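# Descriptive structure summary
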Amino acid sequence: MRYWNKFCASRVSKFWSYGLAVALLLSSSGCSRRKDSFEIKAAGNRVGEFKGILATNKIIATRLFKAGELQFALSQYLGSETSVMELLGIYSNVGPLNDFRNGTPNSLNMLLWNIALSGLSSDIAESCGSPQIVIEGSLKIDYNPQFAERLGALCKGPALDFKNEESLLNFWWAVEGFDAPREEYLAWRDFFMSPQSPYAKAASKEVIHAMLKIMFLNPYFLLEN
Amino acid sequence: MTLYSRRKVLKSGAAITGGLCLAQNRFALGEPTKEPHFYLQLYYSGGFDSSYLFDARPLSFTAAGKIQNYLGQDPTPWVGSNGQSCLASSLVAPLVPFREHFSVINGVLAPSRDDGHDQNRNVLFTGNSFGGESYFPFLNEVLTPRGSLDFFISGDLSVPFSNGMSSISLKAEGVSSFSKLVANSKGLSSQEPAVDFVRSRLQLGSNGPGRFSEGIRNMLTGLNESYSVANKFRNIDTQLGQSDSRILKELKSAHKLFVSGITNTFVISDVSNRNNLIDLDTHDGESASQQPATYAAIVAEIAETFSFLKSTVFDESKGLSLLDVTTVLISSEFNRTNYQEGMSMDKTGTDHNSLSNMMLIGGKGIKGGQVIGATDLDVLDDKGLYQNLSKAHLEFDPELIKRMGKPFDFDTMRPASESQEDFNADQYLTMASIANTILKMYGCDESKYWSNTRNSGKAKILSGLLT
């Protein structure tokens, strides 16, 4: 728990400092009211819907992979038909007709998220000890140094040793960021660290695959809230 | 002797009344139908010019400067089995072999009289210009077994549906590609401990009242059902006939999804536009002049649809074809005006006309071969002036370029003989009546029925349309 508190303390203070500066800047420019009301409306309209394929892809790419020429694309796990990708939630049309489609979770898009995120989790787990992921057996993309370090710490194992809570917390933060509340982390941690965990005797790669899959399928990660 | 207090009596009375109401409601709902019943809708965006289909006018009208006719042929009467008739263009000839399988509905009016494509598309699918509840999920609700997806849309359809959680948009190629993806996916097990944990977290988060909790509930339901959907997709044939027409590919896709239990309702949107046919939104004369070819192609697609449904065996032991178990609705969002104001008859385009829509409805549950409803601007006097115009028409269309649905007598299923002094949408054929007729056919609860306006009651049923 102290790791969580320490982690939060450093980030929260930074967050408020930056937040205050931005708020002052916006209010001094006289645009705060209009911007706020627009943002509230836009976010409020889509609460409970998927963030969508592009937004989720961007989150994963930013948190896990090195910024560079080769871009990560979740669609690489979804075959060649682009319309399949659209089922994960996407803005369509332009101007007044612009709307977000397929944002409501259903059996088909949950199946697709499951396929795509399982595939990604599996490739990451398989990459243990390597600074890069190999997607679908051929495409290599470098992790960003922070994620590579945190993944590496778990890959060294034993991943489920209680003494490694710091590694678990760091791994959680690397993937989930500020998206999910603390209770989600605690439940995730306890699930894997409990002696009764179905993964208690599993190999590191299997555990990492499960850890990632659970984090990716967390509603705070996938849904607008 | 036991004395009952007033409180006890009231409580018992309330319980009995409540019980009776529930029972009545249960009977009204009826048992879910176990007979297979699919619903197929062909939607053509842009606005049908029904004068090239089942609501034509004689060439003498064109000569009098009342309506364009780039076909240059006189229409002929299309006489329905109910004794009603309409004038049909010669382009509909390929539909003659199927005439007993569908009924023509003319003069379906949009009560709001908005003239935009989007508003009228929304009315067609939700009964409201701004979008809202679709009736498709209600059809699925009463079926046993229910389709995994409430409805399935092939092609683009920008309608803001407020219900139908499990609806998606995927063309035939997408269905094939998706099936292959699912078939090749590894490690998808509903028994996976990680997935069990995800379920338990979703269950916890789904108990709240807000929209985020609703989203979590949807995720949980979706996740639980996704494994069964995966199995259904794994089992469908992913082959596409490369030489098949666009419509045939979509129909085969619909058939696969119907029989696999993935969905019971399939909407094919904009088949022709994806065939690179000319746009139906023919505002300019050049586009309008292409209409004979456009509507010939559309009629060919409709004929191909009925041919496919009729020739596809659904249940050999019972002698049922796919058409026997599928209700079909074909329409655009509205019809088009007779001409564009200020343009000569040989160079004119056409504009939007929400005072009338032409639909074809057929298949399971529908009494085919009929002609239902009619439009005005159908009688000219010796001086070339329209006769029998209603006050409503003169108010809504003083230029007299929009054929308007005639008031309709729902008891006799014929256009009303007396014209209405004041406009009342409930006395016209509207999409609400069509939707309610379909809901009635499925045995859906009357609370799901549409109204024509916010202040009116439920729109009347077209009982003569049902078998």
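Remember, predicted model here, so these are calculated numbers, not experimental data.

## What to know about the packing of helix H5 (residues 172–184) of chain B against helix H7 (residues 211–234) of chain B
Residues and elements named next belong to chain B. The geometry of H5 relative to H7 is characterised by a closest axis approach of 8 Å and an angle of 110° between their N-to-C directions. Classified by the angle between their axes, H5 and H7 sit roughly perpendicular to one another. Note that H5 runs across H7; the crossing there is left-handed. From H5, Val175, Phe178, Ser179, Val182 and Ala183 reach across to H7, where they touch Ala230, Phe233 and Arg234. The residue makeup of the contact of H5 with H7, split by class, is 6 nonpolar, 1 polar and 1 charged.

## What about the packing of helix H5 (residues 107–126) of chain A against H7(B)?
When two helices pack together, their arrangement is given by the angle between the helix axes and the distance between those axes. Axis separation between H5(A) and H7(B) bottoms out at 7 Å; the angle between their running directions is 85°. Relative to H7(B), H5(A) is oriented roughly perpendicular. In this structure, H5(A) contributes A:Ser107, A:Leu108, A:Met110, A:Leu111 and A:Asn114 to the contact, and H7(B) contributes B:Met219, B:Gly222, B:Leu223, B:Glu225, B:Ser226, B:Tyr227, B:Val229, B:Ala230 and B:Phe233. Looking at side-chain class alone, the contact of H5(A) with H7(B) contains 9 nonpolar, 4 polar and 1 charged residues.

## Details of the packing of aromatic side chains
A full pass over the atoms with the stated rule returns 41 aromatic pairs over all chains. Connected via pairs of aromatic rings, a cluster forms that spans A:Trp172, A:Tyr185, A:Trp188, A:Phe191, A:Phe192, A:Tyr199 and B:Phe197. Sitting over the ring of A:Phe221, A:Lys51 keeps its end group 6.0 Å from the ring centre. One cation-aromatic arrangement involves B:Arg99 over B:Trp78; the distance from NZ or CZ to the ring centre is 4.0 Å.

## Quick look at unusual backbone geometry
All names here are of chain B. Residue proline 145 is bonded to the preceding threonine 144 through a cis peptide linkage, with omega at -5°. When you line up the elements, proline 145 lands in the loop between helix H4 (136–141) and strand S5 (151–154). A positive phi angle, near 60°, is found at asparagine 388, a position not held by glycine. With respect to the secondary-structure elements, asparagine 388 resides in the loop between strand S14 (371–372) and helix H11 (391–396). Taking the relative accessible area as the measure of exposure, asparagine 388 reaches 64% and is therefore exposed.

## Quick notes on the state of the cysteines
All names here are of chain A. Scanning the entire structure with this criterion turns up 1 disulfide over all chains. A sulfur-sulfur distance of 1.9 Å marks the disulfide that ties cysteine 128 to cysteine 155. Looking down the S-S bond of the cysteine 128 and cysteine 155 bridge, the torsion is -75°, so its handedness is left-handed. Of this pair, cysteine 128 sits in the loop between H5 and strand S3 (132–135) while cysteine 155 sits in helix H6 (residues 145–155), and the two are 27 residues apart along the sequence. Residue cysteine 128 is classed as partly exposed on the basis of its relative accessible area, which comes to 22%. For cysteine 155, a relative accessible area of 19% gives the class buried.

## So, the interface of chain B and chain A
Facing 44 residues of chain B, the contacting portion of chain A comprises 45 residues. Of the roughly 3600 Å² buried where chain B meets chain A, counting both sides, 69% is carbon and sulfur surface. The largest contributions to the chain B side of the interface with chain A come from B:Phe197, B:Phe212 and B:Met219, which together make up 20% of the buried area. A salt bridge links A:Lys213 to B:Glu192, with the shortest nitrogen-to-oxygen separation between them at 2.8 Å. Counting across the interface, chain B meets chain A through 4 residue pairs in polar contact (both at pLDDT 80 or more). Elements that contribute at least two residues to the side of chain B that touches chain A include exactly strand S6 (167–169), H5, helix H6 (193–205) and H7 of chain B.

## What about the confidence of the model for chain B?
All names here are of chain B. Looking at chain B, the pLDDT average stands at 89 and 89% of residues meet or exceed 70. Note that residues 17–30 has pLDDT below 50 and, in this model, 5 contacts with residues that lie over four places away or in other chains. This prediction of the complex comes with two scores: 0.80 for pTM and 0.81 for ipTM.

## Quick notes on the pairing of strand S4 (residues 139–142) of chain A
Two elements, S3(A) and S4(A), share 4 bridges in a ladder whose sense is antiparallel. Within S4(A), the residue paired with A:Ile135 across the bridge is A:Leu139.

## Quick look at H5(B)
Taking 1.5 Å per residue, 13 residues should reach 18 Å; H5(B) reaches 19 Å between its end C-alpha atoms and fits that length. Buried residues of H5(B): B:Ala172, B:Gly174, B:Val175, B:Ser176, B:Ser177, B:Phe178, B:Ser179, B:Leu181 and B:Val182, and no others. Tucked inside the fold, the buried residues of H5(B) contact helix H4 (82–86) and H5 of chain A together with S5, H7 and helix H8 (246–260) of chain B.

## A few points about H7(B)
Three- or four-residue spacings in an α-helix give side chains the same orientation, since the helix completes a turn every 3.6 residues. Taking 1.5 Å per residue as the helical rise, H7(B) with its 24 residues ought to reach 34 Å, and the 33 Å between its terminal C-alpha atoms agrees with that figure. Along its length, H7(B) reaches its greatest deviation from straightness, about 40°, at B:Ser226.

## Things to note about the confidence of the model for chain A
Averaged over every residue, the pLDDT of chain A is 79; residues scoring 70 or more account for 73%. Per-residue pLDDT stays below 50 along residues 20–41 of chain A; that stretch engages in 4 contacts with residues further than four places along the chain or on separate chains.

Calculation notes
Residues numbered from 1 in each chain as written. Chains lettered and ligands numbered in written order. Predicted model: local features only at pLDDT ≥ 70, side-chain atom pairs only at ≥ 80, totals over all residues. Heavy atoms only, no water. Axes fitted to C-alpha atoms, helices over the stretch in contact; angles between N-to-C directions. Helix = DSSP H or I, 4+ residues; strand = E, 2+ residues; numbered from the N terminus. Parallel < 35°, antiparallel > 145°, perpendicular 65-115°, else oblique. Left-handed = near helix turned anticlockwise from the far one by under 90°. Contact = heavy atoms within 4.5 Å. Nonpolar A, V, L, I, M, F, W, Y, C, P; charged D, E, K, R; others polar. Phe/Tyr/Trp six-rings, centres within 6.5 Å; stacked < 30°, edge-to-face > 60°. Lys NZ or Arg CZ within 6 Å of the ring centre and 35° of its normal. Buried < 20%, exposed > 50% of the residue type's maximum accessible area, 1.4 Å probe, protein only. Disulfide = S-S within 2.5 Å. Buried area = accessible area lost by both parts, 1.4 Å probe. Salt bridge = Lys/Arg side-chain N within 4 Å of Asp/Glu carboxyl O. Polar contact = N/O pair within 3.5 Å; in protein donor to acceptor, adjacent residues only side chain to side chain. pLDDT = per-residue confidence, 0-100. Pairing = 2+ DSSP bridges. Expected span 1.5 Å × (residues − 1). Bend = angle between axes of the 7 residues up to and from the residue.

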